[in-house]
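These are the residues of each chain, in order.
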Amino acid sequence: MVLHLPRRYASTMDAYRTLRFRAAPDRLEEAEDLLWSLGAAAVTLTDAGDQPLHEPGPGDTPLWDDSVIEALLPEGLDSDQVLLSLAGSGVLEGGAQAASFEPVADRDWVRAWMDRYEPMRFGESIWVCPSHVEPDPDWPVVVRLDPGLAFGTGTHPTTALCLEWLDGQAVEGVDVVDYGCGSGILAVAAALMGARRVLAIDHDPQALEATVDNAERNGVADRIVAVLPEQAPSGTAGLVLANILAGPLVELVDDIAGRVAPDGRLALSGILADQADGVCDAYRERLRPSGEATREDWVRLDFAAAGDRVT
């Protein structure tokens, strides 16, 4: 399972090798930064075992207990110098002898990476389209988004459930809150659907950066504000989405439910099927359950403000 995708793309004319090694669990970010500084064209983290990861809760950066780093390095880089740098920094588990280089066949790296991602439709109108594909002019709402370091590209069931819910809402002229914004996919989709203003909240600065970047790419940066929770202004919104995990959803019930306007709606996602009752119980004291949806093992819970008539 891949966690980090390339930040830079290799030239189609260059030759490359793959460097693979295990890094100390508490040194993964340092190892990644060092590889970029040495000239890596891509850095990937993969699971050395078989440990599942779900979408992160607020403030979490999900990593496996045992990870392998793979770096795509230009053939011209001195192998000994790379290993000396890594070993000298202390990020290698088992020392330089535990690292391995493998030749990589020539190929068009940009195309090989991009070809894995094709447009996806959610509900009746929302399309998530990577940058290498020209969208159909008849697609009503097109979110231009490439996979990146922040979670949320529409491929995970929890994100898909939220996009499908958003597609069924009256968004034009409404204020929206996206709690746990990740890549900003939900915030951008809401803005493209005509939201008056979108407040995107996340504990991870990398997620906020991705949200801003994707808002700019989609031409809606003027209507999206991305902030840390402690920086989020008070107030309510007509539509609130929180795609995090069951534990944080329960812990944050006062903040999340308190952001729903008197006639507003709320969608909660990131909930496994056996957690749904507990999350619903936490929110039904403040809001009225109005429906749910499932995809694979994940559940989305829908709520309306207590005085709102569900249609």
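Rules used throughout
- Residues numbered from 1 in each chain as written.
- Predicted model: local features only at pLDDT ≥ 70, side-chain atom pairs only at ≥ 80, totals over all residues.
- Heavy atoms only, no water.
- Helix = DSSP H or I, 4+ residues; strand = E, 2+ residues; numbered from the N terminus.
- Contact = heavy atoms within 4.5 Å.
- pLDDT = per-residue confidence, 0-100.
- Buried < 20%, exposed > 50% of the residue type's maximum accessible area, 1.4 Å probe, protein only.
- Arc of directions from axis to C-beta.
- Polar contact = N/O pair within 3.5 Å; in protein donor to acceptor, adjacent residues only side chain to side chain.
- Pairing = 2+ DSSP bridges.
- Axes fitted to C-alpha atoms, helices over the stretch in contact; angles between N-to-C directions.

Participant: Whenever I open this one, the overall build of the protein confuses me. Can you help?
Facilitator: Within the protein, the regular secondary structure consists of 9 helices and 14 strands. The long-range fraction of contacts in the protein, counting pairs at least 24 apart against all pairs at least 6 apart in sequence, stands at 68%.

Participant: Honestly, the confidence of the model for the protein in this entry has me stumped. Any pointers?
Facilitator: Low pLDDT means the predicted atomic positions in that stretch should not be read closely. With 77% of its residues at a pLDDT of 70 or more, the protein shows a mean pLDDT of 81. Counting interchain partners and residues more than four positions distant, the pLDDT-below-50 stretch residues 1-13 has 48 contacts. Note that residues 48-64 has pLDDT below 50 and, in this model, 47 contacts with residues that lie over four places away or in other chains.

Participant: Just checking my understanding: could you explain helix α2 (residues 79-89) for this structure?
Facilitator: Working note: α-helix, 3.6 residues per turn, so residues spaced by three or four point in the same direction. Every buried residue of α2 is accounted for by V82, L83, S85 and L86. The arc enclosing the buried residues of α2, seen along the axis, measures out at 160°, which places them on a common side. Structural note: α2 exposes D80, L84 and G88 on the side pointing more than 90 degrees away from its buried face. The backbone nitrogen of D80 lies 3.0 Å from a side-chain oxygen of the residue at the head of α2, namely D78.

Participant: Just checking my understanding: could you explain the sheet that holds strand β14 (residues 298-305) for this structure?
Facilitator: Strand pairing in a sheet relies on backbone hydrogen bonds. The paired strands run either parallel or antiparallel. Within the open sheet, the 7 strands sit side by side as β10-β9-β8-β11-β12-β14-β13. Their pairing is mixed. Two strands close off the open sheet at either side, each with one partner strand: β10 (224-227) and β13 (287-295). Going from strand to strand, the sheet's axes swing by 15° on average, the running direction of each strand aside. Of the pairings in the sheet, the one linking strand β12 (residues 260-272) to β14 comprises 6 bridges and is antiparallel in character. Residue pairing across strands places A267 opposite D302, the latter belonging to β14. With respect to the sheet, helix α4 (residues 157-167) is in contact with β11 (237-243), β12, β13 and β14, its orientation differing from that of β14 by roughly 35°. Packed onto the sheet, helix α5 (residues 185-192) meets β8 (175-179), β9 (197-201), β10 and β11 and runs at close to 180° relative to β9.

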